[in-house]
Amino acid sequence: MNRYELGRRIKEARLAKKMTQADVAGEFITRNMLSQIESGSANPSLKTLEYISSILDIPMGTLLPDSKEEGSGRETPAEALIDGKALYNNGEYEKAVEKVKSLMDSELWDEAYGITARSYIKMAELAEKGGDTAAAAELADKAYLAADKGVYASRDIKTASALLLNRIAEKLEK
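Summarised in this report is the structure supplied together with it. Since we're looking at a predicted model, the values are computed, not measured.

Considerations on unusual backbone geometry
So, point 1. Residues other than glycine seldom take positive phi values, yet Lys-18 does so here, at roughly 55°.
So, point 2. With respect to the element layout, Lys-18 can be found in the loop between α1 (3–16) and α2 (21–25).
So, point 3. On the basis of relative accessible area, Lys-18 is assigned to the exposed category, the value being 75%.

As structure tokens, then:
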């Protein structure tokens with residue numbers, strides 16, 4: 001679904017609840033941002049979509065396509081992002097990276113990089129604990145690179161990656 005269709009669905013749900021943009025925006029987003037989302041000129045993050053659906057008291061699926069994209073049988077980008085987030089939260093980091101890989105060239109690329117960076121650092125930490133320093137170093141490097149992209153760029157992940165690489169270097173020097 002494109003952002004114009006998503007915006008239309010949000011606006012229809014808001015109007016059906018007889019709510020103003022200010023009612024929905026609350027303190028989480030600005031009324032101007034909600035207006036941009038509804039007009040299709042801005043694409044909301046997953047967190048913003050979750051917020052809007054909770055304020056409108058509707059399931060998030062109401063805002064997303066009913067099933068697979070346009071009846072094609074393919075997973076929509078929003079569904080892939082939601083699944084990737086769930087996989088990450090369940091500790092299935094490799095599967096999370098695979099799930100969001102297809103989003104790197106979509107409108108959800110920055111969320112995909114955020115999940116990827118977090119997954120890589122978790123896998124790197126697990127590899128280090130397991131004694132596999134080569135895998136830990138490779139994964140920490142990938143986390144470092146992914147953590148620098150998009151609006152969800154994370155200095156914390158970059159720092160954790162750099163510290164892990166430093167620990168590995170110190171172990172190899174001994």
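Looking at the pattern of salt bridges
So, point 1. In this structure the tally under the stated criterion is twelve salt bridges.
So, point 2. For Lys-99, the salt bridge is made with Asp-83, and the minimal N-O distance between the two is 3.9 Å. In this pair, Lys-99 sits in helix α7 (residues 93–101) while Asp-83 sits in helix α6 (residues 77–89), placing the two residues 16 residues apart along the sequence.
So, point 3. For the salt bridge of Glu-98 with Lys-101, the shortest nitrogen-to-oxygen distance reads 2.9 Å. A residue pair is termed a helical-turn pair when its members lie 3 or 4 positions apart in one helix, as Glu-98 and Lys-101 do in helix α7 at three residues.
So, point 4. Overall, Lys-101 belongs to the partly exposed group, its relative accessible area being 46%.
So, point 5. Salt bridges sharing common partners tie together Glu-5, Arg-8, Arg-9 and Glu-12.

Comments concerning the packing of aromatic side chains
So, point 1. Following the criterion strictly, the structure yields three aromatic pairs and no others.
So, point 2. Ring geometry for Phe-28 and Tyr-51: centres 4.4 Å apart, planes at 25°, overall stacked. Taken together, the residues span a long stretch of sequence, with Phe-28 in the loop between α2 and α3 (31–39) and Tyr-51 in helix α4 (residues 46–55) at a distance of 23 residues.
So, point 3. On the basis of relative accessible area, Tyr-51 is assigned to the buried category, the value being 15%.
So, point 4. Ring geometry for Trp-109 versus Tyr-113: centroids 6.1 Å apart, planes at 75°, classification edge-to-face. Note that Trp-109 and Tyr-113 are positioned in helix α8 (residues 109–129) at a spacing of four residues, about one turn of the helix.

Looking at the packing of α1 against α3
So, point 1. Interhelical geometry of α1 versus α3 gives an angle of 120° and a closest axis separation of 6 Å. Our classification of the angle between α1 and α3 gives oblique. On α3, the residues touching Arg-3, Tyr-4, Gly-7, Arg-8, Ile-10, Lys-11 and Arg-14 of α1 are Leu-34, Ile-37, Glu-38 and Ser-39.
So, point 2. Grouping the constituent residues of the contact of α1 with α3 by class yields four nonpolar, two polar and five charged.

Cut-offs applied
- Residues numbered from 1 in each chain as written.
- Predicted model: local features only at pLDDT ≥ 70, side-chain atom pairs only at ≥ 80, totals over all residues.
- Heavy atoms only, no water.
- Helix = DSSP H or I, 4+ residues; strand = E, 2+ residues; numbered from the N terminus.
- Buried < 20%, exposed > 50% of the residue type's maximum accessible area, 1.4 Å probe, protein only.
- Salt bridge = Lys/Arg side-chain N within 4 Å of Asp/Glu carboxyl O.
- Phe/Tyr/Trp six-rings, centres within 6.5 Å; stacked < 30°, edge-to-face > 60°.
- Axes fitted to C-alpha atoms, helices over the stretch in contact; angles between N-to-C directions.
- Parallel < 35°, antiparallel > 145°, perpendicular 65-115°, else oblique.
- Contact = heavy atoms within 4.5 Å.
- Nonpolar A, V, L, I, M, F, W, Y, C, P; charged D, E, K, R; others polar.

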